[in-house]
Amino acid sequence: MQLFYTPNIEKTDKQIVFPKDESRHIAKVLRKSAGDTLKVTNGKGFLFTAEIITADPKQCLANIIAVEEESPKKYRLHLVVAPTKMNDRYEWFLEKATEIGIDEITPIICDHSERKTIKLNRYERVLQSAMKQSLHYNLPILNEAISFSEFITTETEGQKFIAYCEEGMERFSLKNQAKSQENITILIGPEGDFSPEEIKLALKNNWKPVSLGESRLRTETAAIVACHTVALINQD
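Now for a quick tour of the structure. (Residues numbered from 1 in each chain as written. Predicted model: local features only at pLDDT ≥ 70, side-chain atom pairs only at ≥ 80, totals over all residues. Heavy atoms only, no water.)

## Description of the side chain of T98
With respect to the secondary-structure elements, T98 resides in helix α2 (residues 87-100). Setting aside residues up to four positions removed in sequence, T98 forms contacts with L127, A130, M131, S134, H136 and P140. (Helix = DSSP H or I, 4+ residues; strand = E, 2+ residues; numbered from the N terminus. Contact = heavy atoms within 4.5 Å.)

## Digging into the packing of aromatic side chains
In this structure the tally under the stated criterion is five aromatic pairs. Considering the side-chain rings of F46 and F48, the 6.2 Å spacing of their centres and the 35° angle between planes classify their relative orientation as tilted. Of the two residues, F46 and F48, neither departs from the other in class, the shared state being buried. Ring centres of Y90 and F93 lie 5.2 Å apart, and the angle between their planes is 75°; this geometry places the pair in the edge-to-face category. Remark: F93 and Y90 occur in helix α2; sequence separation between them is three residues, near one turn of the helix. For Y90, a relative accessible area of 1% corresponds to the buried category. The exposure class of F93 is buried, given its relative accessible area of 0%. Chaining the aromatic ring pairs together yields one cluster made of Y90, F93 and Y123. Its guanidinium or amino end placed over the ring of Y75, K73 lies 4.3 Å from that ring's centre, counting from NZ or CZ. (Phe/Tyr/Trp six-rings, centres within 6.5 Å; stacked < 30°, edge-to-face > 60°. Buried < 20%, exposed > 50% of the residue type's maximum accessible area, 1.4 Å probe, protein only. Lys NZ or Arg CZ within 6 Å of the ring centre and 35° of its normal.)

## Re unusual backbone geometry
Unlike most non-glycine residues, R31 shows phi in positive territory, near 55°. Residue placement: R31 occurs in the loop between α1 (20-29) and β3 (37-41). Taking relative accessible area as the criterion, R31 reaches 70% and is therefore assigned exposed. The residue L135 is not glycine, and still its phi comes out positive at about 60°. Along the chain, L135 falls in the loop between α3 (120-133) and β8 (141-142).

## A look at the sheet that holds strand β2 (residues 15-17)
Pairing is mixed across the open sheet formed by five strands, whose spatial order is β1-β3-β4-β5-β2. Where the open sheet ends on each side, the last strands, each with one partner, are β1 (3-5) and β2. In this sheet, adjacent strand axes meet at a mean angle of 45° when their direction is disregarded. Summarising the sheet, β2 and strand β5 (residues 61-69) pair through three bridges and their orientation is antiparallel. Bridging from a neighbouring strand, I16 pairs with A62 of β5. (Pairing = 2+ DSSP bridges. Axes fitted to C-alpha atoms, helices over the stretch in contact; angles between N-to-C directions.)

## Quick notes on the pairing of strand β12 (residues 184-188)
Within β12, five of the five residues are buried, which leaves the element mostly enclosed by the surrounding structure. Examined bridge by bridge, strand β10 (residues 159-163) and β12 share five bridges and lie parallel to one another. Note on β12: the bridge partner recorded for I162 is L187.

## Looking at the environment of S195
The topology assignment puts S195 in the loop between β12 and α6 (196-204). Not counting chain neighbours up to four residues away, the residues in contact with S195 comprise D111 and H112. A distance of 2.7 Å separates the side chain of S195 from the side chain of D111, its partner in a polar contact. (Polar contact = N/O pair within 3.5 Å; in protein donor to acceptor, adjacent residues only side chain to side chain.)

## Describing the packing of α2 against helix α7 (residues 219-233)
The contact between α2 and α7 brings their axes to 9 Å, and the two run at 5°. By the criterion of interaxial angle, the relationship of α2 to α7 is roughly parallel. Residues R89, W92, F93, K96, A97 and I100 of α2 form the contact with α7, whose own contacting residues are E220, T221, A223, I224, C227, H228 and A231. Its residues assigned to classes, the contact of α2 with α7 shows eight nonpolar, two polar and three charged. (Parallel < 35°, antiparallel > 145°, perpendicular 65-115°, else oblique. Nonpolar A, V, L, I, M, F, W, Y, C, P; charged D, E, K, R; others polar.)

Given below as structure tokens:
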């Protein structure tokens, strides 16, 4: 199944007007024509089956003939991950986390961060592409970058974990600490790890220290391990 993404569709709508990029893909690349059916999501948990009325590269129009709603997950996963030095590594993380299943992502700027700016629009496109490729109907929320000191004191629901490599400080295994069917937020630091001051501030604000295994992992790898661990814990 090929999945298309159009964000402004509501459950009660009768027609879909595709944006220019999707219209061009439908009409020129895939050579779809009137009468063909498409599967479309709005990224909010809905799958629409639509029949093309007009196959125009500038604006495709289709009638909605069926609507399905994805069953909501029993947990939410929010990964708060420092931007990587190489931008493509962060994009790889976004892609794979979306495939595995994630609800929210926040880039966090830390004391040891080498990259302090992000390309939010580019990251959004990566998420959209990964959602369509993996046939998910919920697009992860991507937040603006925020400083560690600002984020760590904000109110966060559910379980709160910080993963770091600092020696001599007690940590617990994420797979043993994370509970199924609960909201979880996990902090993943930059290549140079969180600073000792950041770790102390997190612990002071009731973030639980966790380990992701014996190996020393890159930022993007650690984020994927955390994402997959939570997914496995929540498997039926």
